[in-house]
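# Structure at a glance
The primary structure of each chain is shown beneath.
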Amino acid sequence: FRDLAGLGRAFWAVALLGMVFTLARFSEAFLILRAEGLGLPLAWVPLVLVVMNLVYAVTAYPAGAYSDRVDRRAILAVGLAVLIAADVVLALATDVYTAFAGVALWGLHMGLTQGLFAALVADTAPPDRRATAFGWFNLASGVVTLFASLIAGALWQWAGAAATFWAGGAFAALALAGLLAWRARRPH
């Protein structure tokens with residue numbers, strides 16, 4: 001725990017941003033539930049994860065390579081905007097095809113953002129405390145993912161599927177606002 005104090009403000013800004021972002025990224029199981037609820041036959045349910053992961057796989061390498069040449073936070077901002085769009089599409093979806101458009105956007109946001117938080121942790125943590133930083137960042141992300149999925153499930157149960165995705169979009173917008181405030185205060 002003594003090492004935590006030495007991680008620095010920049011790391012804690014990334015960690016806080018990551019936690020808010022993680023609230024917007026509840027379990028992908030909700031994508032499956034949304035598509036099934038809109039009429040996707042049970043036999044075709046695995047296609048939801050295939051589409052999401054295909055888009056993710058196709059976009060992750062180019063996004064990561066590009067982030068090595070520009071400010072990573074700009075790409076993260078685009079990824080958050082795509083997540084907001086995915087949530088809006090999934091909240092408003094009335095058929096399976098629209099749900100798949102939202103799923104594809106979800107995969108795109110993952111391709112744009114997944115590796116960036118690891119890079120930002122490495123960029124902001126002191127070199128002699130990087131392992132500690134990664135450990136705490138991943139622990140916090142795991143705990144917040146659990147809470148995000150609990151919140152999403154409760155919203156789904158009490159207010160419906162659309163409310164779950166509207167809340168995810170709101171958390172993503174909050175993370176985007178935090179990122180933009182961080183960018184304004186601290187150049188790359």
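Use the structure listed above.
Here the residue numbers are simple positions, counted from 1 along each chain's written sequence. Thresholds applied to this predicted model are a pLDDT of at least 70 for local features of residues and 80 or more for the giving and counting of side-chain atom pairs; totals over whole chains, interfaces and linings are not thresholded and use all residues. The side-chain figures draw on all heavy atoms in the structure; neither hydrogens nor water molecules are used.

### Concerning a nonpolar patch on the surface
Without a salt bridge and with relative accessible area above 30%, a residue can belong to a patch; like charges are then joined within 9 Å and nonpolar side chains (Val, Leu, Ile, Met, Phe, Trp, Tyr) within 5 Å. Using the Shrake-Rupley algorithm and a 1.4 Å probe, accessible areas are obtained, with residue cover drawn only from the displayed protein chains. Definition used for salt bridges: Asp or Glu carboxyl oxygen within 4 Å of a side-chain nitrogen of Lys or Arg. Taken together, the side chains of L139, V143, L146, F147, L150 and I151 present a nonpolar region at the surface, about 550 Å² in accessible area. Only DSSP runs of H or I reaching four residues or more are called helices, and only runs of E reaching two or more are called strands; each is numbered from the N terminus. With respect to the helices, strands and loops of the structure, V143 is situated in helix 7 (residues 130–159).

### Topic: empty space enclosed by the protein
A pocket, in this scheme, is an open set of points on a 1 Å grid over the protein atoms alone with protein on both sides within 12 Å along at least 5 of 7 lines, while a cavity is a set where a 1.4 Å probe fits but cannot get out; residues line either one if an atom lies within 4 Å of a point. Grid points are joined across faces, edges and corners, and a volume is the space filled by probe spheres set on the points. Counting across every chain of the model gives one cavity of 30 Å³ or more. If you add up the space inside the largest cavity, you get close to 50 Å³. Lining the largest cavity are L23, F26, A148, I151, A152, L155, T164, A167, G168 and F171. Mapped by element, the contributors of at least two residues to the lining of the largest cavity are helix 7 and helix 8 (161–185). Of the residues that constitute the lining of the largest cavity, the class distribution is eight nonpolar, two polar and no charged. Gly is put with the polar residues, along with every residue not named as nonpolar or charged; the nonpolar set is Ala, Val, Leu, Ile, Met, Phe, Trp, Tyr, Cys and Pro, and the charged set is Asp, Glu, Lys and Arg.

### With respect to the packing of aromatic side chains
Two rings from Phe, Tyr or Trp (for Trp, the six-membered ring) form a pair when their centres are within 6.5 Å of each other. A pair whose planes differ by under 30 degrees is stacked, one over 60 is edge-to-face, and the rest are tilted. Counted according to the given criterion, the structure contains eight aromatic pairs. Relative to W12, the ring of F11 lies with its centre 4.9 Å away and its plane at 70°, an arrangement referred to as edge-to-face. The cut-offs for exposure are 20% and 50% of the maximum accessible area for each residue type, with area from a 1.4 Å probe on protein chains only; residues under the lower value are buried, those over the upper are exposed, and the others partly exposed. In this structure F11 comes out as buried when scored by relative accessible area, which is 0%. The interplanar angle of 45° and the centroid separation of 5.5 Å between the aromatic rings of F26 and W106 together place this pair among those described as tilted. Taken together, the residues span a long stretch of sequence, with F26 in the loop between helix 2 (8–24) and helix 3 (29–37) and W106 in helix 6 (residues 96–124) at a distance of 80 residues. Judged by relative accessible area, F26 falls into the buried class, the value being 3%.

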